[in-house]
Amino acid sequence: MGLRENAAKAAGRELAADEQHETTVDTAPAPYLDPMADYEPGDDDPDMVPVHLAWLRVRKEIRAIAKGEQYNGGGTRFNFRGVDTVVNTFGPVTLKHGVNVFPVHVEASYRDTTTSKGSKMRECTATVTWQIIGPKGDSLTLQTQGEALDSADKGTAKAQSVALRVLLLSAGLTPTHDKDPDASYVERGNDAPARSAESYRDEILNPKTSQGRLQQIGYELSNLRMMTRKVVNEVGDEETLDSLGRRIYAERAGGGQ
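Since the structure is predicted, the reported quantities are computational estimates derived from the model, not experimental observations.

Parameters at a glance
- Residues numbered from 1 in each chain as written.
- Predicted model: local features only at pLDDT ≥ 70, side-chain atom pairs only at ≥ 80, totals over all residues.
- Heavy atoms only, no water.
- Helix = DSSP H or I, 4+ residues; strand = E, 2+ residues; numbered from the N terminus.
- Buried < 20%, exposed > 50% of the residue type's maximum accessible area, 1.4 Å probe, protein only.
- Contact = heavy atoms within 4.5 Å.
- Areas by Shrake-Rupley, 256 points an atom, 1.4 Å probe, with all protein chains shown as cover.
- Arc of directions from axis to C-beta.
- Pairing = 2+ DSSP bridges.
- Axes fitted to C-alpha atoms, helices over the stretch in contact; angles between N-to-C directions.
- Core = buried A, V, L, I, M, F, W, Y, C linked by side-chain atoms within 4.5 Å.
- Expected span 1.5 Å × (residues − 1).
- Salt bridge = Lys/Arg side-chain N within 4 Å of Asp/Glu carboxyl O.
- pLDDT = per-residue confidence, 0-100.

**Student:** Can you break down the overall build of the protein residue by residue, with the values?
**Tutor:** Tallying secondary structure elements over the protein gives seven helices and seven strands in all. Along the protein, helices and strands appear, N-terminal first, in the series α-α-β-β-α-β-β-β-α-α-α-β-β-α. Buried positions account for 28% of the 257 residues belonging to the protein. In the protein, once contacts between residues fewer than 6 apart in sequence are set aside, the share between residues at least 24 apart is 56%. For the protein, the exposed area adds up to about 17400 Å²; of that, 50% sits on carbon and sulfur atoms.

In structure tokens, the structure reads:
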């Protein structure tokens, strides 16, 4: 019984013939319409290609990022590519090809440490899971790590920035266009190196030396051509600085320090 019939019955009368055609409302849900079903890329939109092809196009345009920045402190000097330089290079190109890069999961671990001058520092190691999404919506999932030291509250942000730089450079296989270190050789004079092999040995064996610093020591030893210099290790045996550094780094990495 419809609404009109109920109302007429309550009033003690019957509906006239022309009133008996009650209008009903169709409440069935409208079928789902895909907003991208009729989408056609415009002149400024990226091509709707799979993510691996879009990322390949990004790589083709990046070509190389030189190590144009220099660290010079604490008696150490080396060239590097900062995260700002890398992001400034990749950002416009990924935008052009419809590629998005999102951090979807972060795991961080922390350790209190002290510098050689006695300053209190906190070491952060961040493992970041990234999702690279292409113009069609398909994606690649990758994972990188970053490590940073900080005396305040910026260690986590720094570690994630390093992880982003590692992602872009490693996933992009980005060359530096630097000369091969073995392409030239300069004969050293009689001047002693800035640091002795024994001082490097002592820093490597110091339990307060972080894994990040151990990696940096390896870079310094390579530049100084001291990797094969032999020292007396912690058990009294002769060992090269390269072997000692790698072994101590592996031991500390395996021990979660």
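**Student:** Residue-level account of helix H5 (residues 197-205), with values.
**Tutor:** Among all positions of H5, only Ala197, Tyr200, Arg201, Glu203 and Ile204 are buried. Buried residues along H5 cover an arc of 165 degrees about the axis, so they all sit on one side. Looking at the buried residues of H5, the elements they touch are helix H6 (211-223), strand E6 (230-232) and helix H7 (241-254).

**Student:** So what's going on with the sheet that holds strand E3 (residues 100-114)? Residues and values would help.
**Tutor:** Two orientations exist for strands paired in a sheet by backbone hydrogen bonds: parallel and antiparallel. Strands sit in the order E3-E4-E5 across an open sheet of three strands; the sheet is antiparallel. In this open sheet, the two edge strands, each paired with only one partner strand, are E3 and strand E5 (139-150). Taken over all neighbouring pairs, the strand axes of this sheet differ in orientation by 15 degrees on average, direction set aside. The pairing of strand E4 (residues 120-133) with E5 spans twelve bridges and is antiparallel. Within E5, the residue paired with Gln131 across the bridge is Thr141.

**Student:** Please give an account of unusual backbone geometry that cites residues and values.
**Tutor:** The residue Arg63 is not glycine, and still its phi comes out positive at about 65 degrees. For Arg63, a relative accessible area of 62% gives the class exposed. In this structure, Arg225 takes a positive phi of about 55 degrees despite not being glycine. When you line up the elements, Arg225 lands in the loop between H6 and E6. Since its relative accessible area comes to 43%, Arg225 is described here as partly exposed.

**Student:** Requested: an account of the nonpolar core, with residues and values cited.
**Tutor:** One finds Trp55, Val58, Ile62, Ile65, Val86, Phe90 and Val99 to be the most contacted residues of the largest nonpolar core, which totals 14 residues. Listing elements by their share of this core, those giving two or more residues are helix H2 (51-62), helix H3 (83-96) and helix H4 (155-171). Counting residues per element, this core draws most heavily on H2, which supplies five residues. Look past the residues within four positions of Ile62 in its chain and what remains in contact with it is Thr89, Phe90, Val93 and Thr174. Membership of the second largest hydrophobic core comes to eleven residues, among which are Ala197, Ile204, Leu214 and Ile217.

**Student:** An account of the side chain of Thr94 is requested, with residue identities and associated values reported.
**Tutor:** With respect to the element layout, Thr94 can be found in helix H3. Apart from residues no more than four positions distant in its own chain, Thr94 is found in contact with Trp55, Val58 and Val99.

**Student:** Outline H4, listing residues and values.
**Tutor:** Relative to the 24 Å expected for 17 residues at 1.5 Å per residue, H4 spans 24 Å between its end C-alpha atoms, a close match to the ideal helical length. Among the residues of H4, those classed as buried are Gly155, Ala159, Ala163, Leu167, Leu168 and Leu169. Close packing links the buried residues of H4 with H2, H3, E3, E4 and E5. Leu173, located one to two residues past H4, shows a positive phi value of around 45 degrees.

**Student:** Kindly report on the pattern of salt bridges, identifying the contributing residues and their values.
**Tutor:** Between side chains of opposite charge, a pair can form when the charged atoms approach closely. Tallied over the entire structure, the rule returns 13 salt bridges. The partner of Glu234 in a salt bridge is Arg247, with the nearest N and O atoms 2.9 Å apart. You can see Glu234 sitting in the loop between E6 and strand E7 (238-240) and its partner Arg247 sitting in helix H7, a full 13 residues away along the chain. With a relative accessible area of 25%, Arg247 lands in the partly exposed category. For the salt bridge of Asp242 with Arg246, the shortest nitrogen-to-oxygen distance reads 2.8 Å. Residue Asp242 and its partner Arg246 are both found in helix H7; the two are separated by four residues, about one turn of the helix.

**Student:** Quick one: what's the story with the confidence of the model for the protein, residue by residue and with numbers?
**Tutor:** Per-residue pLDDT for the protein averages 80, and the proportion of residues at 70 or more is 74%. The weakest mean pLDDT in the protein belongs to helix H1 (residues 3-10) at 63; the strongest belongs to H2 at 94. Confidence drops under a pLDDT of 50 for residues 184-193, and excluding neighbours within four residues, the segment shows five contacts in the predicted structure.

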